[in-house]
Amino acid sequence: LTATVSPGMGGTVTPTGFVRFYASGSAASSYLASAPLNKGIAISQAITLPVGSYSIKAYYNGDAIYSPGNSPAIQLAFVKISTTTSLAISANDVGVLGAKTFTVQVPPSINGSNPTGTYTLYANGSQLGASFPVNGPASVSQIRSFAATGTYSITAIYSGDTNYIGSTSPVQTVTVSSTPASYQVSAASPTISLLAGGSGYYDTIALTSVNGYTGLV
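Here is a short report on the structure shown in this document. (Residues numbered from 1 in each chain as written. Predicted model: local features only at pLDDT ≥ 70, side-chain atom pairs only at ≥ 80, totals over all residues. Heavy atoms only, no water.)

## Digging into a nonpolar patch on the surface
In step 1: On the surface, Tyr 22, Tyr 31 and Tyr 59 cluster together to form a nonpolar patch covering roughly 280 Å² of accessible area.
In step 2: Inspection of the secondary structure puts Tyr 31 in strand E3 (residues 29-36). (Patch = residues over 30% accessible without salt bridge, like charges linked within 9 Å, V, L, I, M, F, W, Y side chains within 5 Å. Areas by Shrake-Rupley, 256 points an atom, 1.4 Å probe, with all protein chains shown as cover. Salt bridge = Lys/Arg side-chain N within 4 Å of Asp/Glu carboxyl O. Helix = DSSP H or I, 4+ residues; strand = E, 2+ residues; numbered from the N terminus.)

This is the structure in structure tokens:
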């Protein structure tokens with residue numbers, strides 16, 4: 001906020017002293033900041049206010065020459081910040097009961113306080129599991145599986161909060177096939193030769209998930 005204090009009629013000396021800024025409005029009425037006059041101009045630090053409409057006034061405290069005074073009010077509106085929700089899926093094809101990881105991110109569109117609230121996954125318009133909390137712009141992941149075959153349109157919906165507007169991610173598609181989730185086993189060496197009485201033989205076994213398998217082996 002910037003206030004300019006000028007000499008009155010006939011005055012030639014530049015005013016000195018301080019200016020205080022106040023807000024009155026729908027969400028709060030309070031002192032905001034103060035700043036010293038420098039060549040008749042006072043500039044406050046950056047201010048933040050809850051969402052709402054406000055009347056802002058500047059009050060000059062006066063000095064040895066000039067009397068105190070206040071400015072006409074100016075109107076300011078603090079509005080919610082828009083957001084963009086993104087959704088990433090670990091793979092778009094999965095078998096029945098196979099699990100996939102869904103990663104959601106709700107970054108703020110401008111610098112400011114971190115968004116809070118919740119995000120919820122939806123499959124073909126129906127909620128997919130419980131809602132998860134949002135705490136800042138960090139990515140949040142959850143694992144979900146599907147009990148029936150078909151094609152699912154997946155979206156993530158951010159609820160919004162007192163400072164941020166809710167948003168919906170672009171649609172991602174997951175195809176669930178009738179092939180059940182399973183795993184493949186492979187070895188670094190297809191055969192191992194063992195000598196009678198020998199020891200210390202080993203091989204590396206690799207397990208690869210197929211169609212979203214996440215169970216125990």
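Having put the structure on the table, let's press on.
## Topic: the nonpolar core
In step 1: Counting 19 residues, the largest nonpolar core has Leu 87, Phe 102, Val 104, Leu 121, Phe 146, Ile 154 and Val 174 as the members making the most contacts within it.
In step 2: When contributions to this core are tallied by element, the ones reaching two or more residues are strand E8 (86-89), strand E10 (99-105), strand E11 (118-123), strand E15 (150-158) and strand E17 (172-177). (Core = buried A, V, L, I, M, F, W, Y, C linked by side-chain atoms within 4.5 Å. Buried < 20%, exposed > 50% of the residue type's maximum accessible area, 1.4 Å probe, protein only.)

## Observations regarding the sheet that holds E8
In step 1: Sheet architecture is open: 3 strands sit in the order E8-E10-E14, paired in antiparallel fashion. Where the open sheet ends on each side, the last strands, each with one partner, are E8 and strand E14 (140-145). Geometrically, the sheet is characterised by an average inter-axis angle of 25° between neighbouring strands, direction not taken into account.
In step 2: Examined bridge by bridge, E8 and E10 share 4 bridges and lie antiparallel to one another. By the bridge assignment, Ser 86 is partnered in E10 with Gln 105. (Pairing = 2+ DSSP bridges. Axes fitted to C-alpha atoms, helices over the stretch in contact; angles between N-to-C directions.)

## Focus on the packing of aromatic side chains
In step 1: Here the structure, examined in full by the defined rule, presents 4 aromatic pairs.
In step 2: Plain terms: the ring middles of Tyr 22 and Tyr 31 are 5.5 Å apart, the flat faces sit at 65° to each other, and that makes the pair edge-to-face.
In step 3: Note on Tyr 22: relative accessible area 33%, which makes it partly exposed.
In step 4: The interplanar angle of 90° and the centroid separation of 5.3 Å between the aromatic rings of Tyr 22 and Tyr 59 together place this pair among those described as edge-to-face. Taken as a pair, Tyr 22 in strand E2 (residues 18-25) and Tyr 59 in strand E5 (residues 52-60) lie far apart in primary sequence, 37 residues in all.
In step 5: Of the aromatic side chains, those joined through ring pairs into one cluster are Tyr 22, Tyr 31 and Tyr 59. (Phe/Tyr/Trp six-rings, centres within 6.5 Å; stacked < 30°, edge-to-face > 60°.)

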